[in-house]
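In case you want the letters, here they are:
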Amino acid sequence: MIFSYSRLKLYETCPRRFYYKYVLGIPENTSTSFLALGKAVHKAIESIIKGISFEEAIIEGYSECDFHPDVSIEEISKLVKNASATKNMGETEIYFRLPLSNSPNAPEIQGYIDLVKGNRLEDWKTNWKMYDVNDNHQIGLYAWALHQLKGYDLIEGSLSFLRYKKESKYFFSEVDMENAKQWALNLANEINFKLQMLDIFPEKLDELFPDIPSSSCEYCPFVLRCYKDNVREEDINGSRNTSSC
Ligand code: SF4
């Protein structure tokens, strides 16, 4: 399995949800208005940076989300304006795929960095909720990737919250980048080990990929499946208490 920040974060939040999505491959609804808006806004900003006019870029963005009925041109335009994007302001959608250690069987991680300009990287967010760039390892990990690709020792990483025209940024040193990379490596190794164990001991699923009920169950597309699996396990085991999701 090739990892990504979002895969690792999903596993860290709820191993069972990771199992449903990436091990069983149960499809998620990818046409939600939230995802569609993000897609449209990213495409439009990218187009402006490539030199397309604002109006054309907005239409390109809207078509990128297949003119989703719950996404409006006005909302796309407002968020794109807040990105203050200009022609040739940097490189967009920088792809990386890198091994997480020097070991021959090292797990690999891949991702896309929204914007890179010299030793600065930026990730555009359409979220309603803002948070600090150091609340999770996403930007630290992207800084590590940029360090691997371009060699910068100090990287300014920024989360740009387009709804509020505000950013949270931090200068990542080599130590910070290494810490983020180590977080990813530890989780990737843990997942690979558990997948091997699951092949040998399929009956240990509940121990290897447990469900961790939290506020994120509200948005989990597998909530019914999770509930049914837990009811089945309670029938088999008698007393397990997993009713909170
Ligand atoms: S419903 Fe909650 S506990 Fe169950 S898989 Fe989804 S996030 Fe995990």
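Owing to the predicted nature of the structure, the values given are computational and were not obtained by experimental measurement.

*Asks:* Help me understand the site of the ligand, please; the structure alone is not making it clear to me.
*Replies:* Neighbouring residues of the ligand: ten residues in total, closest Cys14, Asp211, Cys217, Cys220 and Cys226. Residue composition of the shell around the ligand, grouped by class: eight nonpolar, no polar and two charged.

*Asks:* In this structure, what is going on with the packing of helix 1 (residues 5-13) against helix 2 (residues 15-23)? I would like to understand it.
*Replies:* Running from N to C, helix 1 and helix 2 cross one another at 135 degrees; their axes reach a closest spacing of 5 Å. Judged by the inter-axis angle, helix 1 sits oblique to helix 2. Within the contact between the two elements, helix 1 uses Arg7, Leu10, Tyr11 and Thr13 and helix 2 uses Pro15, Arg17, Phe18, Lys21 and Tyr22. In the contact of helix 1 with helix 2, the residues fall into five nonpolar, one polar and three charged.

*Asks:* I would appreciate a short explanation of unusual backbone geometry in the present structure.
*Replies:* The general pattern is negative phi for most residues beyond glycine and trans for most peptide bonds. For Phe67, which is not a glycine, the phi torsion comes out positive at approximately 50 degrees. Considering the arrangement of structural elements, one finds Phe67 in the loop between helix 4 (54-64) and helix 5 (73-82). When its relative accessible area of 45% is taken as the criterion, Phe67 is described as partly exposed.

*Asks:* I would appreciate a short explanation of the pairing of strand 3 (residues 120-125) in the present structure.
*Replies:* Two faces make up the sheet, and in a regular strand the side chains alternate between them. Taken across its six residues, strand 3 has six buried, putting it largely inside the fold. Sheet topology places strand 2 (residues 108-117) next to strand 3; three bridges connect them, and they run antiparallel. The partner of Lys117 across the bridge, within strand 3, is Arg120. Following strand 2, the chain reverses through two residues before pairing antiparallel with strand 3; Gly118 in that reversal takes a positive phi of roughly 60 degrees. As paired strands, strand 3 and strand 4 (residues 155-161) are joined by six bridges and run parallel to one another. By the bridge assignment for strand 4, Lys125 is matched with Phe161. In this view, the connection linking strand 3 to its parallel neighbour strand 4 by way of helix 6 (residues 138-150) has right-handed handedness.

*Asks:* Sorry, what's going on with a nonpolar patch on the surface here?
*Replies:* Together, Trp128, Met130 and Tyr164 make up a nonpolar patch on the protein surface, roughly 350 Å² of accessible area in all. Given the relative accessible area of 60%, Trp128 is considered exposed.

*Asks:* Looking at this structure, how should I read the packing of aromatic side chains?
*Replies:* Given two aromatic rings, one states the distance between the centres and the angle between the planes to describe the pair. Tallied over the entire structure, the rule returns 13 aromatic pairs. Note on Tyr11 and Phe18: the rings are 5.6 Å apart at their centroids and 80 degrees apart in plane angle, and the pair reads as edge-to-face. The exposure classification of Tyr11 matches that of Phe18, with both residues buried. Between the aromatic rings of Phe96 and Tyr142, the centroid separation amounts to 5.6 Å while the plane-to-plane angle is 70 degrees, which identifies the pairing as edge-to-face. Linking Phe96 in strand 1 (residues 91-99) with Tyr142 in helix 6, this pair joins segments that are 46 residues apart in sequence. Here Phe96 and Tyr142 have matching classes, each one buried. Counting every residue linked through ring pairs, the aromatic cluster contains Tyr11, Phe18, Tyr19, Tyr20, Tyr22, Phe209 and Phe222. Positioned over the ring face of Trp128 is Arg163, at 3.8 Å from the centre of the ring. For Lys194, the ring lying beneath its charged end belongs to Phe209, and the centroid distance is 6.0 Å.

Quick notes on the rules
- Residues numbered from 1 in each chain as written.
- Predicted model: local features only at pLDDT ≥ 70, side-chain atom pairs only at ≥ 80, totals over all residues.
- Heavy atoms only, no water.
- Near = heavy atom within 4 Å.
- Nonpolar A, V, L, I, M, F, W, Y, C, P; charged D, E, K, R; others polar.
- Axes fitted to C-alpha atoms, helices over the stretch in contact; angles between N-to-C directions.
- Helix = DSSP H or I, 4+ residues; strand = E, 2+ residues; numbered from the N terminus.
- Parallel < 35°, antiparallel > 145°, perpendicular 65-115°, else oblique.
- Contact = heavy atoms within 4.5 Å.
- Buried < 20%, exposed > 50% of the residue type's maximum accessible area, 1.4 Å probe, protein only.
- Pairing = 2+ DSSP bridges.
- Right-handed = clockwise from strand over helix to strand, strands pointing away.
- Patch = residues over 30% accessible without salt bridge, like charges linked within 9 Å, V, L, I, M, F, W, Y side chains within 5 Å.
- Areas by Shrake-Rupley, 256 points an atom, 1.4 Å probe, with all protein chains shown as cover.
- Salt bridge = Lys/Arg side-chain N within 4 Å of Asp/Glu carboxyl O.
- Phe/Tyr/Trp six-rings, centres within 6.5 Å; stacked < 30°, edge-to-face > 60°.
- Lys NZ or Arg CZ within 6 Å of the ring centre and 35° of its normal.

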